[in-house]
Structures are given as structure tokens and as C-alpha cells.
Amino acid sequence: MPIQFPDFQRISYDEANPLFKGIQQGMSIGQSAAMFPQDLQAKMLANQIAQVQAKYAEPMAAQGLTKAMQENQWNPKIWQSEIGLRGAEAGKLGKETQWYDKEAAARIGLQQAQTAGQSAEAQMNQMKLRYLQTMMQGQQALGGGQGQGGGGNPMQGGGGSSAMGGGMPQGAPQQGGMPQQGSAPMQGGATPMPAQNTVYGVGTPSLTPNDIANKMLLGIDTFTPRMENAKAQQQDQYKQYQSALADTIQQANSAQKAKQVLAMFNNAMDNSSYKGPRLGNTPSSGWTTAFVPGNLSNEQIADNAVSNLLPGAITELREAMKSGQFSVADLNAASRMKVSRTMTDEARQAQSAWLNGVYDRFDEKSKFYSTLGNPTSGAQKVNADMLWEQYQRDFPLISEDGKTYQGSNLGNWPLYTTPKAIASVQTTGTYSPSAREKNTFMMQVPDGKGGYVIAPIKKGKVESAFRKGAKPL
């Protein structure tokens, strides 16, 4: 059984030291007595202050309330102003940040653009190199371009091998300054049409991929020189046609002069008594006329025309016919032309009819060159000259023996202005219509409704059809 010890209770400091406790209490009582006047005075002062505050409590409360109301009214405004000021400062800071960001982005973009430009320049140089290499290969394939129209030379503006393809456009001037002549005859006997995009038979060049590549890659303008060359040729063709028409007018004037003198001679001969192989040698002037009965005034007019007027008129006529590319038969007839009172009436009438025909042929020439001189006809001046000469050979005004005037050969000139005729003379250098075409050929005839229909026109009816508004095909 365990042993139970006694439980002694612990005592406090004051209980353990009663002497010190008594001394402390005595000191406290003494201090309280000493502090009593001061406490009393402090309490009296506090009481007076409370009385004053009570007197002014209501005004002070009203003032506090007013201050509170004013604070409630102005504090939000002050706060908003402060918020706005801080927002402005933040916005300013944001704008500055954006400006710095944009400047940085611009610098980056500039660097990227410079890099892209350098890359594009490098690519362009590579393209130039490939283009030149392909061009040189094309020249080597064509024997270095000798005698081959320059191969793929960029200065040619087309033809040969090229890095950009293309080639000579239809109707463009060929190498050596020779333009393409119209279209070749079509297969199957179809009537060909003149080359498109031509002026006076000279092709107007078109811009080709080669021209673009030469300009962009090599800085060489190959299109403008070809265009200027074509324009110069077209203008030259216009001048040549105008000159031909002016020459035709002079030639027609020479024929008209001879025609008028011959008409004067014929009128005098019609009223003469001494004419023909037997009486035509009778003198019309001089002392011998004293033995010739009758009035010899008409004989004198005829003789004066023969000796003074006709020689010069006939000489001019021969030169005009020569420059007008008349047939050999007609030129020989002009060379043998002799007029006198010894001529028979039949010979005089035939010669007069032939001379009238020569004048009419000059009128045909004017119409012919006006038709082919149209900018859209597709014929150059040299083509027109060849066709006119061929017409003269195929349809002379005088027979081969020089005795018979062939008036029916007039009016056939439209046969030589058709697209078929132009294409033939351009490709073969000659053209001659078939026997059927010489008797009947096609023209555009007015249909009476403002349009045209293609209809056959018989030989000898061409001039009449023209007067009614018909046009050659």
C-alpha cells in the first residue's frame, strides 16, 4: 500500500511577507493623499471643458454635418479627377509604349523588306541567267543564228528558242524589215482573207512574251523598234499610194488632151470633102488651092491638128501609157499611131475609139489604186502594181494585130482587187483569173435593205454594178 504524504497549500508573496505588504500600503495611502489636490483640479478642468463643449455642441454638430456633406460631394470628384489623371498618365505611357512598339515593328519590317529585296534580286539574276542560257542554246541549235533570222536573240523580239516562249506574231514585220504579206491561198480552193491587223499590207506587231521578258529581265526594248519600223513602212505605203493616184491624174490629163485634139480632128474630117486614101493628099493651103474647088476650111483645121497639135499630144500619151504599165499591144498601137486626112473613116473611128478607151483605162487605174489603197485591203503598193500590170496584159484595149479596138476588155479591173488575187500575187508573184471568172465574178451587191449580198456580175456589167453601189469582195 503506498504511503500518503500530507498536502501543504502554497502561500502568496504578500502572505509570506506581511511586513513588506504593510509598508507598501502605507506608501500608497501617502501618495494618494499627495495626489488628491492635483486630481481634484484635473477633474474640475474636465468639468469646465465639458460645459463649454455642451454649449457649442449643436453648432459643432452642424459644422461636422456640413463638412461631411461637402466631403461626400467633393471626394468622388476628387477621386474621379485622380483616377482620370492616373488614366491619362497610363494612356500616355501606353501611347509611348505603342510608339516604341511601332518603331520596333517598322525596323523589323524594313529589315524584312531589305531581306526580301535581296532575295528577289537574287531570283531575278537567276532568271536572267537562265533566260540568257536558253537563248544561247537556241542560237546554237540554229547554227549560231547565222542565216536563221537571229535565232533567239532578244534584240529580234521573237522567233527562235526563248526562255519565255512566244514567237513572231501574225502580221508582224519579218527579219530584214520585210513585213508579212497577206495570207496564203487556203486549202480546198476557199477564198483567202488578208492578214489580220495589217495596214496597207504591213503587219502591225503584237507584244509577245519575248518582248516582256527582254524588257523585264534584260532591260532591252524589242517591241518599240518593231512597232516604229511597222509604222514607218505603213506611212511609206500611204505615200506610195497617194503618189500613184497623183501620177494617174497626170496620165489621165495627157490622155484627155490627146482625146480632145483627136475629137477636133474628127469633127473637121467629118465636114471635109477631101479625105481618104485618094483625096486626102489634096493641099488645104498654098497657091495650089486656087485650082481646088470648094471651101477648104475644115481640111485646114484637120491638117493644123495633125501637124501642130497631135504630135505633142501623142508623145505625151505614149509616155503616160508607158508609166501606166499598159500592155505591149497597146504601147505598140500608141507608137504606130499616125493621123492624117488619108485615113479611112473606119480606121479613124477605130483609132478614136481606142484612144477613148485609153482615157477610160486611166480612169479605171484611179479606181483600182483607190480600192487597193484602202488601209484594210491587205495589199502593198508593189502588189497593186503587179496586179495592175497583169490586168493590162490579160485585158488589152487593142487586138494583137493592132487593128481592132476591144472595148469589152474595159470594166474587168475588180477581178484583180479580190482577196484571192492579192494572196496569189503575194505568194506566187502573179495572178490570172480563170476563164469562168473572166466572164462572171462575184461582187457585193446592195440588197435594198441597207446590207449587201454576194452575187455574180457578168462581164461588161461591172461599171454599172459599181454605179449602183456594188463593191468588190
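Throughout what follows, the structure given in this document is the object of discussion. Worth saying up front: this structure is predicted, and the values here are computed from it rather than measured.

Calculation rules
Residues numbered from 1 in each chain as written. Predicted model: local features only at pLDDT ≥ 70, side-chain atom pairs only at ≥ 80, totals over all residues. Heavy atoms only, no water. Axes fitted to C-alpha atoms, helices over the stretch in contact; angles between N-to-C directions. Helix = DSSP H or I, 4+ residues; strand = E, 2+ residues; numbered from the N terminus. Parallel < 35°, antiparallel > 145°, perpendicular 65-115°, else oblique. Left-handed = near helix turned anticlockwise from the far one by under 90°. Nonpolar A, V, L, I, M, F, W, Y, C, P; charged D, E, K, R; others polar. Core = buried A, V, L, I, M, F, W, Y, C linked by side-chain atoms within 4.5 Å. Buried < 20%, exposed > 50% of the residue type's maximum accessible area, 1.4 Å probe, protein only. Contact = heavy atoms within 4.5 Å. Salt bridge = Lys/Arg side-chain N within 4 Å of Asp/Glu carboxyl O.

The next point concerns the packing of helix α5 (residues 223–270) against helix α9 (residues 345–372). It is the contact of α5 with α9, at a shortest axis distance of 9 Å, that shows an interaxial angle of 160°. Between α5 and α9, the crossing angle belongs to the class labelled roughly antiparallel. Where α5 crosses over α9, the handedness of that crossing is left-handed. Class assignment of the residues belonging to the contact of α5 with α9 gives a composition of 15 nonpolar, 9 polar and 4 charged.

Let us now look at the nonpolar core. Within the largest apolar cluster, 29 residues are counted, with the highest numbers of intra-cluster contacts made by Phe265, Met321, Val339, Trp354, Val358 and Phe362. If you list the elements that add at least two residues to this core, you get α5, α7 (297–323), α8 (328–335) and α9. Discounting chain neighbours no more than four positions away, the residues touching valine 358 are Ala255, Leu317, Met321, Phe326 and Leu397. Listed in part, the 20 residues of the second largest apolar core include Leu372, Ala379, Phe395 and Ile422.

Moving on, we come to the pattern of salt bridges. A complete count under the given rule lists 10 salt bridges for this structure. The partner of arginine 361 in a salt bridge is glutamate 364, with the nearest N and O atoms 2.8 Å apart. Of this pair, arginine 361 and glutamate 364 both sit in helix α9, 3 residues apart, which is roughly one turn of that helix. Between lysine 367 and aspartate 363 there is a salt bridge whose closest N-O contact spans 3.6 Å. Residue lysine 367 and its partner aspartate 363 are both found in helix α9; the two are separated by 4 residues, about one turn of the helix. Residues joined by salt bridges that share partners form a network here, namely Asp270, Asp345 and Arg348.

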